[in-house]
Amino acid sequence: MFQNRAEALALALPAAIFAALVFIVPVLLLLSEGFKVAEQWTLSAFVDFFSQPLNRTVFLRTLKLGAMVTLVAAVIGYATAYAIVSLPAGAKGRMIGLVVLPLMISPVARTYAWIVILGRTGIVNQALMAIGLTDEPIRILFTETAVFIGLLQLFLPLMVISLISALENLPRDAVPAARVLGANWFQVFWKVILPLTREGLVVGGTLVFTGSMTAYITPAILGGSKVLMLETLLYQQVTVANNFVSASVIAFILIIMSVAANILLKRIATARNRT
Amino acid sequence: MSDASYLFLDKLSLAYGKTIAVKDLDLNICKGELLALLGPSGCGKTTTMRAIAGLMTPSSGRIILDGADITRVPANRRNIGLVFQSYALFPHLTVFENVAFGLKLHGLRGEELTRRVEDGLETVGLAAFANRKTPELSGGQQQRVALARSMVMQPKVLMLDEPLSNLDARLRLEMRTELQRVQKESGVTMIFVTHDQVEALALADRIVVMRDGAIEQIGTPEEIYNSPVSSFVADFVGFENVFAISDGRLSTKDGADIALAGTLPKAKGLAWRPRAIELGTGPFTGVVRGVSFAGGTREYVLESRFGSIKAEADAKLPGYPLNSELAFDMPVAAAAPLQRFG
Amino acid sequence: MTQRLFAPLTLLLVMIFLIGPFFIIVAASFSAGETLAFPPEGFSLKWISKVFIVESFRQSFAVSMFLAIGGTLSALLLGIPASYAMSRYKLPLSETVRFMVSAPIIVPGIIVGLALLRYFVIPIGLSITLALFVAHTALVLPYAVRVVSASLANLRSDMEEAAVLLGSSRLGAFFRVVLPNIRGGILAAFILGFVTSFNQVPVSLFLSGPGVRTLPIDMLGYMEIVFDPSVAALSSLLAFLSIGIVFAAERFLGFSRYV
């Protein structure tokens, strides 16, 4: 369409230059800091980072929470998406709207609500004490559980939406056909639904996993300094310890894990599809 | 061919990057002519059309229109109309506004504009639809709007890209007549691009058959239909049985040489339409591998020494059942001699 | 049949989990008590009205509004021409450009913010406001490009060629034919960009400074010091604002078609 290369370049260049200057170059420079000690290229910063038990804990916790949130979101997501897809058109639209709605609300506001629910005088503790399960309020806030709940609520909609579009593309008669052939619900899911919606699951899974791993607000509010994740640790390293080398090591790990999750999940999707 | 050359393509070459689409094309088009560019997809016909319109810059060669070299004139100053295959109407504008689009750009306003647009819509029979949005119209109506939009500009050349391919059979006939009428009434030079030989034969004054970026044959519909110069054209216009000649004998695809009765013309190949094959008598035998009833005729596929032969016989005659053996002839006098083969 | 009950029950529980907390903060913001609690102690509008009185909230609200509107507009100004060039010019080059402008979506916001601070803002000596403005533009750019590209992809390029053949210049064809037909996409991109920018925290974390903070950052800071329902009130107001905008957008232009 464009014969004139210069014309196309002139249109695209401002955005490209902008992205390069304010994003690509600064991020690359930041990442390079992690590989440099006293002007020498080295991996010692990474060795140092992982030699500290706290950092190892935070790293493993971030991975664990990311994986757990993804797994639970997938299980709940399938049930929810399947229930929504089976609804009549009008109700389906409204339900999808309700699922998407939280995504439009400020994550600060959404996370804040959990303080009211999980706090010392929160609903959960009040209920537990009322039925006599505990005399003292138990600590839920600033535990991994709180962070897990907050992350799950934050990212579940992304999984549900991905699975809804995957389920909607399911061949209309696939499930009834499998039922007629005598498959039970577990077999239907494992042999029919899962293989046919794998791509949606991968899309949703990638969004939820990378989202959970790189979330800042939820661990900051619900985990505080007791339950650090990589992002909150990075913030602490910069603002408290003034340790920029360690910050760029964390940045590098976060980016690598996001990219790795992306590639790995894509691999799983395509590899299984071929067989 | 005519000294009244109006549009002249002089050694025109066109390329997409390194891929050459059209090479050294020479073509003369007369004023008021209705010309068809016919060929399979990828033959360069659409590229040639886009170059004439100015949507593509030639890598070499010239385009002369009405005595002026327009090779480097930008598309918006050529005044060449193009009716796109998709019609390319502006969906945010009404029918009236679509037709008025070009006129407004040329400074027309007020009553003059209204009159010209209404005349244009009148010509294509859409005066009643002026205030509709274009997506509400049927395919046929959309095409008429596109036609009117180009015609009100009084273009020097009007080009149409596959004008009938998106229409159903009934509309196709209607539109064919309509296009011919508009062309005769306005006297506009019209070029249309098509891959459909029936369309080209029915509509055009002259047909240019293209292949691999070059012209294969130019001629009237009768010439193209009756006397294809090459096996490619013969294939394209429905000679189902096309054979090469070597040393005065017919050679089949399997490499067999077969002698025919009578003297062969000086040619590289021979081509028979299915109805030129005589069934029931003759020196050759074949087995019926396919029969289909096509209204007035029956179409046969015969397996023979020539390979697969397509033949046709009047449906009133008794049919030959599947797998029966029958004699047939391929009379040299009924064949079209081909000057080029392959 | 258990299955009959299973589906509605799942939906109910999931919806309570997803939407329930939102109702709780709305209820908490009408509390008459001094601390955050549910069920709220009594009913009053004092925390809602406090939101409008606190000076820092008013300031940071203005900052966030400016960033969301200004950042999104400048992202569109950069993104529309780039999307147009990419959709109408098919070469490896356009893939590189697409990668460059959509990269900020892949990298966690906190890293973008830190990198920008250390290797752009400080070396150049940008003011805090300008730094935030540039960051929010970069943040919204991928969304702008994605949504606008999608609506350009639905627009056949032969429409522009038709306009050119009728006498229009290329630029004229863009304004007369392309722009009117992607208006909906641009508006959708604006709304998506606005909501994204307004709710964004990590990118602004390091870039906010004394006197100039975005509203969510201000809320985070306030929460650490004061434990009263005003943040709940503010959260519910913001939530209603977002919902209102998205609802109106869906109503009037079928927002979800573009996103």
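Residues numbered from 1 in each chain as written. Chains lettered and ligands numbered in written order. Predicted model: local features only at pLDDT ≥ 70, side-chain atom pairs only at ≥ 80, totals over all residues. Heavy atoms only, no water.

Looking up chain B in an unreviewed UniProt entry gives the name Spermidine/putrescine transport system ATP-binding protein, with the organism given as Pseudorhizobium tarimense.

Chain A goes by Spermidine/putrescine transport system permease protein in an unreviewed UniProt entry, where it is assigned to Pseudorhizobium tarimense. Comment text from UniProt for chain A, heading Sequence similarities (unreviewed entry), reads "Belongs to the binding-protein-dependent transport system permease family. CysTW subfamily." Taken directly from UniProt, the Subcellular location (unreviewed entry) text for chain A runs: "Cell membrane". (UniProt positions renumbered as here; feature names shortened; annotations may be inferred.)

Novice: Lay out the overall build of chain B with the relevant residues and their values.
Specialist: Counting its regular elements, chain B contains eight helices and 19 strands. Each principal axis of the C-alpha atoms in chain B carries an extent, and together these give about 75 × 45 × 35 Å. For chain B, buried positions account for 52% of its 342 residues. Once local pairs closer than 6 in sequence are excluded, the contacts in chain B between residues at least 24 apart make up 65%. Entry remark: accessible area of chain B is about 15600 Å², with carbon and sulfur atoms responsible for 50%. (Helix = DSSP H or I, 4+ residues; strand = E, 2+ residues; numbered from the N terminus. Buried < 20%, exposed > 50% of the residue type's maximum accessible area, 1.4 Å probe, protein only. Contact = heavy atoms within 4.5 Å. Areas by Shrake-Rupley, 256 points an atom, 1.4 Å probe, with all protein chains shown as cover.)

Novice: A description of the UniProt feature "domain: ABC transporter" (unreviewed entry) in chain B should follow, citing residues and the corresponding values.
Specialist: In the numbering used here, UniProt assigns the feature "domain: ABC transporter" (unreviewed entry) to residues 7-237 of chain B. Across residues 7-237 of chain B one finds 36% helix and 27% strand; the C-alpha atoms that close the span lie 26 Å apart.

Novice: Tell me about the domain arrangement of chain B, and please be specific about residues and values.
Specialist: All names here are of chain B. Each assigned domain of chain B is listed here: domain 1 (5-232) and domain 2 (240-338). When each unit is reduced to the centre of its C-alpha atoms, the spacing between domain 1 and domain 2 is 39 Å. Contact with domain 2 buries surface across domain 1, with Tyr225, Pro228 and Ser231 losing the most and accounting together for 78% of the total. Remark: the boundary between domain 1 and domain 2 carries zero salt bridges. For the pair domain 1 and domain 2, the number of links is one residue pair in polar contact (both at pLDDT 80 or more). Grouping the amino acids of the side of domain 1 that touches domain 2 by side-chain chemistry returns three nonpolar, three polar and no charged. (Domains from an automatic or database assignment. Buried area = accessible area lost by both parts, 1.4 Å probe. Salt bridge = Lys/Arg side-chain N within 4 Å of Asp/Glu carboxyl O. Polar contact = N/O pair within 3.5 Å; in protein donor to acceptor, adjacent residues only side chain to side chain. Nonpolar A, V, L, I, M, F, W, Y, C, P; charged D, E, K, R; others polar.)

Novice: Could you give an account of the nonpolar core, with specific residues and numbers?
Specialist: Ranked by internal contacts, the top residues of the largest apolar core, which has 274 residues, are A:Leu234 and B:Leu147. Judged by nonpolar contacts, the second largest core, of 24 residues, contains B:Phe243, B:Leu260, B:Leu264 and B:Ala313. (Core = buried A, V, L, I, M, F, W, Y, C linked by side-chain atoms within 4.5 Å.)

Novice: Describe the interface of chain A and chain C, listing the residues and the values that go with them.
Specialist: With 70 residues of chain A at the interface, the matching set in chain C holds 71 residues. In total, chain A and chain C occlude about 6400 Å² of area from one another, counting both sides; carbon and sulfur atoms represent 83% of this. Counting across the chain A and chain C interface gives two salt bridges. Where chain A touches chain C, the interface holds six residue pairs in polar contact (both at pLDDT 80 or more). With 21 residues, helix 1 (residues 5-33) of chain A is the single largest residue contributor to the side of chain A that touches chain C. Taken together, the residues of the side of chain A that touches chain C break down into 58 nonpolar, eight polar and four charged.

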